[in-house]
Every structure is written in structure tokens, then in C-alpha cells.
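Tertiary structure, described
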Protein chains: 2
Amino acid sequence: MVSCHEQFMRLAVSKAELGIGRGQTPFGACIVRNEKVIACQHNLVWQDIDITAHAEIAAIREACRKLNSIDLSGCTIYSTTEPCPMCFTAIHWAKISRIVYGTSIEDAKRFGFSELLISNSDMKRSGNSDIEIIPGCLESECLRLFEISKSKPY
Amino acid sequence: MVSCHEQFMRLAVSKAELGIGRGQTPFGACIVRNEKVIACQHNLVWQDIDITAHAEIAAIREACRKLNSIDLSGCTIYSTTEPCPMCFTAIHWAKISRIVYGTSIEDAKRFGFSELLISNSDMKRSGNSDIEIIPGCLESECLRLFEISKSKPY
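Residues numbered from 1 in each chain as written. Chains lettered and ligands numbered in written order. Predicted model: local features only at pLDDT ≥ 70, side-chain atom pairs only at ≥ 80, totals over all residues. Heavy atoms only, no water.

Next up on the list: the overall build of chain A. Broken down by element type, chain A carries seven helices and five strands. Along its sequence from the N terminus, chain A presents helices and strands in the succession α-β-β-α-α-β-α-β-α-α-β-α. Relative to the compact-globule value of 15 Å for 154 residues, chain A shows a C-alpha radius of gyration of 14 Å, a close match. Seen along its three principal axes, the alpha-carbon backbone of chain A occupies a region of about 40 × 40 × 30 Å. Taken across its 154 residues, chain A has 55% of its residues classed as buried. Across chain A, contacts joining residues at least 24 apart in sequence account for 60% of those joining residues at least 6 apart. Positive and negative charge centroids in chain A, built from 17 and 18 side chains respectively, lie 5 Å apart. (Helix = DSSP H or I, 4+ residues; strand = E, 2+ residues; numbered from the N terminus. Rg over C-alpha atoms; globule rule 2.2 N^0.38 Å. Buried < 20%, exposed > 50% of the residue type's maximum accessible area, 1.4 Å probe, protein only. Contact = heavy atoms within 4.5 Å. Lys, Arg positive; Asp, Glu negative; His and termini not counted. Charge placed at Lys NZ, Arg CZ, Asp CG, Glu CD.)

Structure (C-alpha cells):
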């Protein structure tokens, strides 16, 4: 049986694959409320020449636009990789209730991304946030994204 | 004698004042490279209905657009308030070399903003970042921004 979480994470993985095909870095994110997909984006940093355009930030912007609101309470964000501290904090500002992620920030670092090695659980503890965090969803599929993007010229 | 830092911070303060007049929250940021202003923005969250559009993020986006680059090495960012962890990490991603700020995240919290109380020096230490941080620039002018925005209906 495929869990709800896996179903939505699979959308984020597909979006990341699309992004890789377009020369973007291998990250996808999907925002869901009441089992309904509100936004789904891949990383757009190179496409938009915007260093802030991580998949999560792009998805949050899309969700704000679509809902005409800056309050995303009750939403879950599915990220192929554990959100970096920029994205974690954006998720906090947006009042998103839950993060579900695949691979970890440490995995991303291992594949050459210049991460600030501060985990979501550290951010949650230090910042006294009450967001729910579910790691390791479809981890091997998410890890594969790094593998298939390794040969890309960026 | 007005220091270089104060001169550029004053631009960020003026931008924040403009934002307050437009119903935005009281924050401004200015990005400078080689004594030349690259970008200057106030918070745009309510204007753009984009929860990620803090002054620093908006300024980084503007700088990336203007320089047609995601690499802002050698730049200094002047923020009227200590950048939140979202903005700090965006500054890290953009390779900005130095943060100069006025008031602290704790000040913002005191004025009702739902901050994650993780200071820039904590982020720097935890993330092993080598960014230079200069606090307290034009602190009283920056504090005044909170005061004059208190009566605004948001």
C-alpha cells in the first residue's frame, strides 16, 4: 500500500526529475492541504538566475499566489531533500504545519552542495518551533535524484 | 564623520520608511559592492502577497537580476534588522561577504514579529560560515522604524 505521504512525495520527485532535464539542481517540493496539491516546483535557481529560488521557496510563492494569502496553516510541504535553513525558516513564516522530506542536508553536502549543516531538528529546537518533521520518505528515490544529476554540467 | 557603513545603512532606513508608508512591515536592506549600491528594497510581503519577500530576499533577487549572476561575492548587505535565519541562509547561498545590521532579532520579537530566535552569530557558528557580521549600525534610527510603524493597521 502506498501511503499518502509517498504519493505526494512522488510528485515532488517527478518535478525534480523534470528540473534535472532542464539543467536545474536535483530538488523538488510539493505543498498539499487537505489532500489537495496547492503547488509543486523544482529548483529554479539557474533558470531564473535567482539564488533564493529553491524548490521550497518557489512552491511557497506559488501557494501564496494561488491562495492569495501568506498564511499556509494546515499545509504539508514534501521536499525531496531536507529543507535548508533558508527554506525551513520560510516554512516557519508561512505557518506550514508539517515537513516531510526524503534525503538529508548531509546527503546534499556529500554530493557537493555548499550547505549550512544545520538540520531541521536543530532549527526546530533552537527556534522553539512546533512544526512536525517526518524524515526519510521515499529516501532511495530521492537519493537517486543526486545520482542522475551528477553528469550534468553545473 | 559619517562612516561608509552608516551612509549605506541610511539608504536601507529610508527604504524601510518608504515601505512603512506603503503599509509594509518596517524593514529595509541595501546591497553594496565596491562602494556602489547594487540593490535596495523594503519588505514586500504584504504588497506582493509573498511570505518570502523580506527586504533582504527582495534585495538579493534584485542584485541577481541586475548582475545577471547568482554569485554576490564581495558584496555587503545592510539590513535595518538582523536578518532572520531565512535571510541569513540566503545571504550564505549568495556568497555575500558581510552583514551590517541595526537592531537585533530580539528587538523584532519584542515588537511582535514571530521570529525564530536564532541569532546570526549562532547561525554562523552552527553552520561554520565565514561571513563577517557587524551589529548595531545606526541602531537608534533602526529602532525608530519599529516605533513609527506601530500605529499602522497590519
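And the narrative resumes.
As a further point, take the side chain of B:Glu62. Residue and element names in this part refer to chain B. When you line up the elements, Glu-62 lands in helix H3 (residues 55-67). When its relative accessible area of 10% is taken as the criterion, Glu-62 is described as buried. One polar contact links the side chain of Glu-62 to the main-chain amide nitrogen of Cys-40, over a distance of 3.2 Å. If we skip the residues at most four places from it in the chain, Glu-62 touches Ile-38, Ala-39, Cys-40 and Gln-41. (Polar contact = N/O pair within 3.5 Å; in protein donor to acceptor, adjacent residues only side chain to side chain.)

On to the pattern of salt bridges. Residue and element names in this part refer to chain B. Applying the stated criterion across every chain, the model contains 16 salt bridges over all chains. Between Glu-132 and Arg-98 there is a salt bridge, with its nearest N and O atoms 2.8 Å apart. Here Glu-132, found in strand E5 (residues 132-134), pairs with Arg-98, found in strand E4 (residues 98-103); they are 34 residues apart in sequence, far enough to count as distant. Close ionic contact of Arg-110 with Asp-107 constitutes a salt bridge, the shortest N to O distance being 2.7 Å. Separated by three residues within a single helix, Arg-110 and Asp-107 lie in helix H5 (residues 105-110), roughly one turn from each other. Taking relative accessible area as the criterion, Arg-110 reaches 58% and is therefore assigned exposed. You can call Asp-107 buried: its relative accessible area is 11%. (Salt bridge = Lys/Arg side-chain N within 4 Å of Asp/Glu carboxyl O.)

Let's shift gears to the relation of the copies chain B and chain A. Overlay of chain B on chain A (RMSD 0.0 Å): rotation 180°, translation along the axis 0.0 Å. Look at the turn and shift together and you get a two-fold axis relating the two. When each C-alpha of chain B is compared by its distance to the rotation axis, B:Met86 comes out closest, at 1.9 Å. Interface overlap between copies is the fraction of interface residues in one copy that are interface residues in the other; for chain B against chain A it reaches 100%, indicating a shared surface. (Least-squares fit on C-alpha atoms with pLDDT ≥ 70 in both.)

All names here are of chain A. The five strands lie next to each other as E2-E1-E3-E4-E5, forming an open sheet whose pairing is mixed. Both outer strands of the open sheet, strand E2 (36-42) and strand E5 (132-134), are each paired with one neighbouring strand and no more. Across the sheet, the mean angle from the axis of one strand to that of its neighbour is 15°, orientation sign disregarded. Inspection of the sheet shows strand E1 (residues 28-33) paired to strand E3 (residues 75-81) by five bridges, in the antiparallel sense. Paired with Val-32 across the strands is Thr-76, a residue of E3. (Pairing = 2+ DSSP bridges. Axes fitted to C-alpha atoms, helices over the stretch in contact; angles between N-to-C directions.)

In a pair of packed helices, the angle between the axes and the distance between the axes together describe the arrangement. Residues and elements named next belong to chain A. Between helix H4 (residues 85-93) and helix H6 (residues 120-127), whose axes approach to 10 Å, the crossing angle comes to 50°. Between H4 and H6, the angle falls in the class oblique. Here H4 runs over H6; the crossing is right-handed. Packed against H4, whose contacting residues are Pro-85, Phe-88 and Thr-89, the element H6 presents Asn-120, Met-123 and Lys-124 at the interface. Taken together, the residues that form the contact of H4 with H6 break down as three nonpolar, two polar and one charged. (Parallel < 35°, antiparallel > 145°, perpendicular 65-115°, else oblique. Left-handed = near helix turned anticlockwise from the far one by under 90°. Nonpolar A, V, L, I, M, F, W, Y, C, P; charged D, E, K, R; others polar.)

This paragraph deals with the sheet that holds strand E2 (residues 36-42) of chain B. All names here are of chain B. Across the sheet, five strands lie side by side as E2-E1-E3-E4-E5; this open sheet has mixed pairing. If you trace the sheet from one side to the other, it starts and ends with E2 and E5, each paired once. Recorded for the sheet is a direction-independent mean angle of 15° between the axes of neighbouring strands.

Next up on the list: the confidence of the model for chain A. The predicted model of chain A has a mean per-residue pLDDT of 94, with 95% of residues at 70 or higher. Interface scoring of the predicted complex returns ipTM 0.94; its pTM is 0.95. (pLDDT = per-residue confidence, 0-100.)

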